[in-house]
Every structure is written in structure tokens, then in C-alpha cells.
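Chain and residue survey
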Amino acid sequence: MSSTRTLVSPAVLARPRGRAIYWTVFTGIVLLFALAFLFPVYWMVTGAMKSPDEVARTPPDLLPDRWSTSGWTDAWELMQLPTHLWNTVVQAAGAWLFQLVFCTAAAYALSRLRPAFGNVVLGGILATLMVPAQALVVPKYLVVADLPLIHTSLLNDPLAIWLPAVANAFNLYLLKRFFDQLPRDVLEAAGIDGAGRLRTLWSIVLPMSRPVLGVVSIFALVAVWQDFLWPLMVFSDTDKQPISVALVQLSQNIQLTVLIAAMVIASIPMVALFLVFQRHIIAGIGAGSTKG
């Protein structure tokens, strides 16, 4: 019987003094990490409730002298946050849907249909991960500005965000690895019962893949929500820009407290999304290392 080696031996933990020291150190480390991660969030939220003079004060104050919500209302109105938040939602939702459909189909084909030269295709897809994203910006822009064959411009169109988002090699590989680990017996039983490839994908594979689909969804949504350079290039129309671009474009003559409040509002949807789906994210990350 193999024994598990730990930093603190069970004999030490059995003593009251050892337990007290252990839990004191453990609690201190947890609080330290929590403070390191949560303090910037606290500083941003309270900064939106200070006056401009308080924000620029040295040394800074931990609490505002007078709590004010005018920065939030000014940010909502002056920076046209409803319009830009809706633009971001449309762009992120479309990119998520396109990516989920096409990456899932491609991963299922490479994993279960075993096409000719499938490994070569997969290797070429993974090779794109070695290319810096900045090196692909100009080729992508030229393609979007004059779409091959049909010679149509997608500038100032959500399709300029949706279509490039489909080519996500990391999410495709993540899905393929998960599909590779699905129990072969279940898929073979579905085939014996008369289910075709598409029916097997819809009725068997996708329900079993909810954890990894949740992870891919989070990655897809966050990538579009926080992207700045690509939306800046393809959206010259201010009314169609997402929140990440609008915060920069409209911040020239805006007070610092109003800008901080706008950034807090822009970050709320992603924080809420994580809090709601955190169990699915953790389950999906763990599922990738589990053999079926």
C-alpha cells in the first residue's frame, strides 16, 4: 500500500499545536491571494464613486470622502453604453454560435469520421497556433475588405467578427481531444441501433460534451468581448463599434471617474457569466484529462 507524501505529516496534524499552525498559515495564504486578486476590482469600483480630485490624490484614499453614483449615470449616457454593449453582445453571440457549430463539426469529423489526410489537416491547423496573432491581422483585413470570389466588403458588418472567429485552432483541438476520449462502446451501440453520423453527433456526442462545450463557449465569448485591435480595424462607424473600442474612442474628453465607471459596467457581463457557469468551466477543464 503506497503512502501519500504531503508537506505536513499526519502526525503533526494530529497534534492541536500542529493543526493550529497549519490552519493559520493556510488561512493567511488564502487571504493574501484573495486580496491580491480582489483589491484591483475594489479599487476600480470605488474609483468610480470618487470625485476626479480624489482619484488623482497622492497618496490615494482607500474610501471616497463622499460616495457618489453620478459617474455611473454619466458613463451610461455620455459614452452611449447601451448601444455599444448591444453591439458587443451581437458580435460575441454570433462568433460563439459560428464557432460552436463549425468547430464542433470539424472536431467530430477529425475525431470520429477519420477522413483521408486527417492528421495532415490537423497538423496544419495546429501549426497556425505557432503564428503570432499580430502577423495575421493584415491578411485577415485584406480578405474581409474584399471577400474572395464574391468581392464583397464586410467592413462595418458583424460578419467581419463572426467569420474569422470560426478559425480557432485551440478550441477545435480541445473539442477533438474530448471526442477522442468518449466511450467507443456507446457510439458503436448507437450505430447498431441505426443512428447515422449526424444523429449520433446530435443525440449522443453533444449531450455528453456539455462540459467541454461550456469551456469553449466561455473562451469564445471572452475572446470577442475583450478584443480591441481587430474591431478597431473593421469598424470605422462609431455607432457599430463594440464596448472595448468605444471606451478608447470616446474617452478623450471624459472625466477619469466616468471612464472608470464605464470600464466597470463593461466588465460586469463577463464576471456574471463566469460566476453563473463556473461549475461547468471547472468540470470542462477536468473532463479534458479524463479517459473514457
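From a predicted model like this one, the values you see are computed outputs, not experimental measurements.

The subject of this paragraph is the overall build of the protein chain. Tallying secondary structure elements over the protein chain gives 15 helices and zero strands in all. For the protein chain, whose C-alpha radius of gyration is 25 Å, the value lies well above the compact-globule estimate of 19 Å for 292 residues. Seen through its principal axes, the protein chain has C-alpha atoms that stretch 75 × 70 × 35 Å. Here the protein chain, with 292 residues, has 33% of them falling under the buried criterion. Partitioning the contacts of the protein chain with sequence separation of at least 6, the portion at a separation of at least 24 is 71%. Surface summary for the protein chain: the accessible area is close to 18,400 Å², and the carbon and sulfur share equals 68%. Once the 19 positive and 15 negative side-chain charges of the protein chain are each reduced to a mean point, those two points are 20 Å apart.

A few words on the nonpolar core. Within the largest apolar cluster, 36 residues are counted, with the highest numbers of intra-cluster contacts made by Trp72, Met79, Leu81, Ile161 and Ile243. If you list the elements that add at least two residues to this core, you get helix 4 (70-78), helix 5 (81-113), helix 7 (137-145), helix 8 (159-166), helix 12 (210-226), helix 13 (229-234), helix 14 (243-249) and helix 15 (256-287). Considering each element in turn, this core owes the most residues, ten residues, to helix 15. With near-sequence residues (within four places) excluded, Trp72 lies in contact with Val45, Ala48, Met49, Ala261, Val264 and Ile265.

Tallying each qualifying case throughout the model produces nine aromatic pairs. When the ring of Tyr108 is compared with that of Phe179, the centres are 6.3 Å apart and the planes differ by 85°; the resulting orientation is edge-to-face. Note that Tyr108 is positioned in helix 5 and Phe179 in helix 9 (residues 169-180), a separation of 71 residues in sequence. The class for Phe179 is buried, based on a relative accessible area of 0%. Where Phe170 meets Phe219, the ring centres are 5.9 Å apart and the plane angle is 50°; that geometry is what we call tilted. One end of the pair, Phe170, is in helix 9; the other, Phe219, is in helix 12, and 49 residues separate them in sequence. Grouped by ring-pair contacts, the aromatic residues Tyr22, Trp23 and Phe26 constitute a single cluster. It is Lys50 that lies over the ring of Trp43; its NZ or CZ is 4.2 Å from the centre.

Moving on, we get to the packing of helix 9 against helix 12. Between helix 9 and helix 12, the shortest axis-to-axis distance is 10 Å and the interhelical angle comes to 175°. Considering their axes alone, helix 9 and helix 12 lie roughly antiparallel with respect to each other. Contacts from Phe170, Asn171, Leu174, Leu175 and Phe178 in helix 9 reach Val212, Leu213, Val215, Val216, Phe219 and Ala220 in helix 12. A class-by-class count of the residues in the contact of helix 9 with helix 12 yields ten nonpolar, one polar and no charged.

Positive phi values are uncommon outside glycine, yet Arg114 reaches one of about 50°. Among the secondary structure elements, Arg114 is positioned in the loop between helix 5 and helix 6 (118-127). A residue is classified by how much of its surface remains accessible, and Arg114, at 55% relative accessible area, is exposed. In this structure, His151 is a non-glycine residue whose phi angle is positive, near 50°. Among the structural elements, His151 can be located in the loop between helix 7 and helix 8.

Let us look at the environment of Pro158. With respect to the helices, strands and loops of the structure, Pro158 is situated in the loop between helix 7 and helix 8. For Pro158, a relative accessible area of 25% puts it in the partly exposed group. C-alpha separation for the pair Pro158 and Phe274, spaced 116 residues apart in sequence, amounts to 24 Å.

Conventions we followed
- Residues numbered from 1 in each chain as written.
- Predicted model: local features only at pLDDT ≥ 70, side-chain atom pairs only at ≥ 80, totals over all residues.
- Heavy atoms only, no water.
- Helix = DSSP H or I, 4+ residues; strand = E, 2+ residues; numbered from the N terminus.
- Rg over C-alpha atoms; globule rule 2.2 N^0.38 Å.
- Buried < 20%, exposed > 50% of the residue type's maximum accessible area, 1.4 Å probe, protein only.
- Contact = heavy atoms within 4.5 Å.
- Areas by Shrake-Rupley, 256 points an atom, 1.4 Å probe, with all protein chains shown as cover.
- Lys, Arg positive; Asp, Glu negative; His and termini not counted.
- Charge placed at Lys NZ, Arg CZ, Asp CG, Glu CD.
- Core = buried A, V, L, I, M, F, W, Y, C linked by side-chain atoms within 4.5 Å.
- Phe/Tyr/Trp six-rings, centres within 6.5 Å; stacked < 30°, edge-to-face > 60°.
- Lys NZ or Arg CZ within 6 Å of the ring centre and 35° of its normal.
- Axes fitted to C-alpha atoms, helices over the stretch in contact; angles between N-to-C directions.
- Parallel < 35°, antiparallel > 145°, perpendicular 65-115°, else oblique.
- Nonpolar A, V, L, I, M, F, W, Y, C, P; charged D, E, K, R; others polar.

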